[in-house]
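# Residue-level structural notes
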Amino acid sequence: MNLLELIGPDRILPTDFNPKAHGLVFDDTIHAALLAVQAADARHRIAPIELTDGTWASSADVLTEATNGLFEPIFSQLPTELASQVTVVNWTDVLALLPEPEEPLDIENN
Amino acid sequence: MKNISPKRLLNNIFLKTSGGGGGFDADATAYIAAVEAADGAALEAGVKTAINDFVVGCKADGIWTALKASCILSGARTLSGAFVPLAGTAPTNNNFVSGDYNRKTGLVGDGSSKYLNSNRQNATDPQNSRHQAIFVSTGDSLATGTYIAGGGDGFTGMFNVSNSNSLWGYISNGVTSIVAASQGNTVAFKGITRSNSSQALLRSGGITTSGSITSVSENTNRTVAVFAQNAGSIGFYTNGRLAFYSIGESLDLALLDARVTTLIAAYAAAIP
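Residues numbered from 1 in each chain as written. Chains lettered and ligands numbered in written order. Predicted model: local features only at pLDDT ≥ 70, side-chain atom pairs only at ≥ 80, totals over all residues. Heavy atoms only, no water.

## Details of the overall build of chain A
- Counting its regular elements, chain A contains 4 helices and 5 strands.
- For chain A, the α and β elements follow one another from N to C terminus as α-β-α-β-β-β-α-β-α.
- Its C-alpha atoms give chain A principal-axis dimensions of roughly 55 × 30 × 25 Å.
- Taking the contacts inside chain A whose residues are at least 6 apart along the sequence as the reference set, 77% of them involve residues at least 24 apart.
- Approximately 6,100 Å² of chain A is accessible, and the part contributed by carbon and sulfur atoms is 53%. (Helix = DSSP H or I, 4+ residues; strand = E, 2+ residues; numbered from the N terminus. Contact = heavy atoms within 4.5 Å. Areas by Shrake-Rupley, 256 points an atom, 1.4 Å probe, with all protein chains shown as cover.)

Dropping the structure here:
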């Protein structure tokens, strides 16, 4: 399912949708568009995480702030058509593609 | 003897006892006003009194000016209100939504994508005079979750390290940590500080542990992240819930612990 299919042209989140249980996955084009509409000094930002397959993801709960919320200034600048290029997946699918972080700690010294 | 009308006298007494703003510390008043503006609604009298008591108490303890970047991530009615800085620059919110916030217990991370950029560079505070502190309402449950951290050679921060069931604290040294056993995922105040080049102090569970760890100069311009670490890239996110953070110069951790703990308890009592 893509995001446009989820929210429809009126951009309304279905009441039975659990945003924290889902992720939004998209490619470099959408990622660039998302960053382009965020001011450098914005207090509230959507910062996608890069997945191991080269795509990007955000928790779907950012959608709860899309209308009259913290992220409205971001979503209000994004054309609705872009939503068709965003895939809605289970959050567990996103977690499976998270990169393994490099070890920041020198365990030998502790 | 100066005359004062009965009405004015009653007003003075009422305002001071109700926490309505009369007699409050100027910094507390400014913070309360900023939070209420961000919230779009007034705070409860008990919440305002708790804030004033915290600020006045920190000043009496001589630790107020050491708080250089700080947010009370609780108390406010909204997430925007919670991001109003108590000291220093406001943080930048990355991915947190209103549903992550609870007025009594604070803001919860997701362990994978949500963090605050404190907008405080780790290099800003002196190599041998710095602190970081947090109040944990729900402990991290991940293998290595970072409550707060940032930097390079002079890295400073605190981690839950679950495989050793401990809290690791780094302060002006990115290689060697000071360790508090069995404190990695516990709740309440945690803090780290140093006031000289040779000794680090880590406080958790009401106990301050000292370690002989030589400080190293910070060589990056990385900002300190909260709910994650900033070691050039953001990572090691926590899924813990935090109600307070502060970054700044060296201070007495036990005194700050007492003030923050009292503040969070007062919030719990004052918020319906």
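Next comes the rest of the description.
## Remarks on the environment of Ser 182 of chain B
- Examined against the element boundaries, Ser 182 of chain B turns out to sit in the loop between strand E11 (178-181) and strand E12 (188-194).
- Among residues more than four places away in sequence, those in contact with Ser 182 of chain B are Asn 165 and Ser 166 of chain B.

## A short note on the pairing of E12 of chain B
Residue and element names in this part refer to chain B.
- Of all 7 residues that make up E12, 6 are buried, and the element is covered over most of its length.
- Note that strand E7 (residues 130-138) and E12 share 7 bridges and pair antiparallel. The partner of Ile 134 across the bridge, within E12, is Lys 190.
- Here E12 runs beside strand E13 (residues 199-204); their pairing, made up of 4 bridges, is antiparallel. Residue pairing for E13: Thr 193 is matched across the bridge by Leu 201.
- In sequence, E12 turns back onto E13 through a hairpin of 4 residues. (Buried < 20%, exposed > 50% of the residue type's maximum accessible area, 1.4 Å probe, protein only. Pairing = 2+ DSSP bridges.)

## Quick notes on helix H2 (residues 28-36) of chain A
All names here are of chain A.
- Taken residue by residue, H2 has Ile 30, His 31 and Leu 34 as its buried positions. Along the axis of H2, the buried positions cluster into a sector of 105°, meaning they face one direction only. Exposed residues lying more than 90 degrees from the buried face of H2 are Thr 29 and Ala 36.
- At the N-terminal end of H2, a side-chain oxygen is found 3.1 Å from the backbone nitrogen of Thr 29, two or three residues along, and the residue is Asp 27. (Arc of directions from axis to C-beta. Polar contact = N/O pair within 3.5 Å; in protein donor to acceptor, adjacent residues only side chain to side chain.)

## Looking at the packing of aromatic side chains
Residues and elements named next belong to chain B.
- Following the criterion strictly, the structure yields 6 aromatic pairs over all chains and no others.
- Between Phe 155 and Tyr 170, the aromatic rings sit 5.8 Å apart at their centres with planes inclined by 85°, giving edge-to-face as the arrangement. Of this pair, Phe 155 sits in the loop between strand E8 (144-150) and strand E9 (156-161) while Tyr 170 sits in strand E10 (residues 166-170), and the two are 15 residues apart along the sequence. The pair formed by Phe 155 and Tyr 170 is uniform in burial state, with each residue classed as buried.
- Site record: aromatic cluster; members linked through ring pairs are Phe 155, Phe 159 and Tyr 170. (Phe/Tyr/Trp six-rings, centres within 6.5 Å; stacked < 30°, edge-to-face > 60°.)

## A short note on the interface of chain A and chain B
- Taken together, the contacts link 26 residues of chain A with 32 residues of chain B.
- Buried area between chain A and chain B, both sides added, is near 2,100 Å², and the carbon and sulfur share of it is 56%.
- Joining chain A to chain B, the criterion identifies 2 salt bridges.
- Between Lys 114 of chain B and Asp 61 of chain A there is a salt bridge, with the nearest N and O atoms lying 2.6 Å from each other.
- If you look at where chain A meets chain B, you find 9 residue pairs in polar contact (both at pLDDT 80 or more).
- For the side of chain A that touches chain B, the secondary-structure elements that each account for two or more residues are strand E2 (44-45) and helix H4 (91-95) of chain A. (Buried area = accessible area lost by both parts, 1.4 Å probe. Salt bridge = Lys/Arg side-chain N within 4 Å of Asp/Glu carboxyl O.)

## With respect to the sheet that holds strand E1 (residues 22-26) of chain A
Residues and elements named next belong to chain A.
- The strand order across the open sheet formed by 4 strands is E3-E4-E1-E5, and the pairing between neighbours is antiparallel. Looking at which strands have only one partner, the edges of the open sheet turn out to be strand E3 (49-50) and strand E5 (87-90).
- With 4 bridges joining them, E1 and strand E4 (residues 56-59) adopt antiparallel strand pairing. Looking at the pairing, Gly 23 lines up with Ser 59 of E4.

Read these as layout, nothing more, since geometry by itself doesn't imply function.
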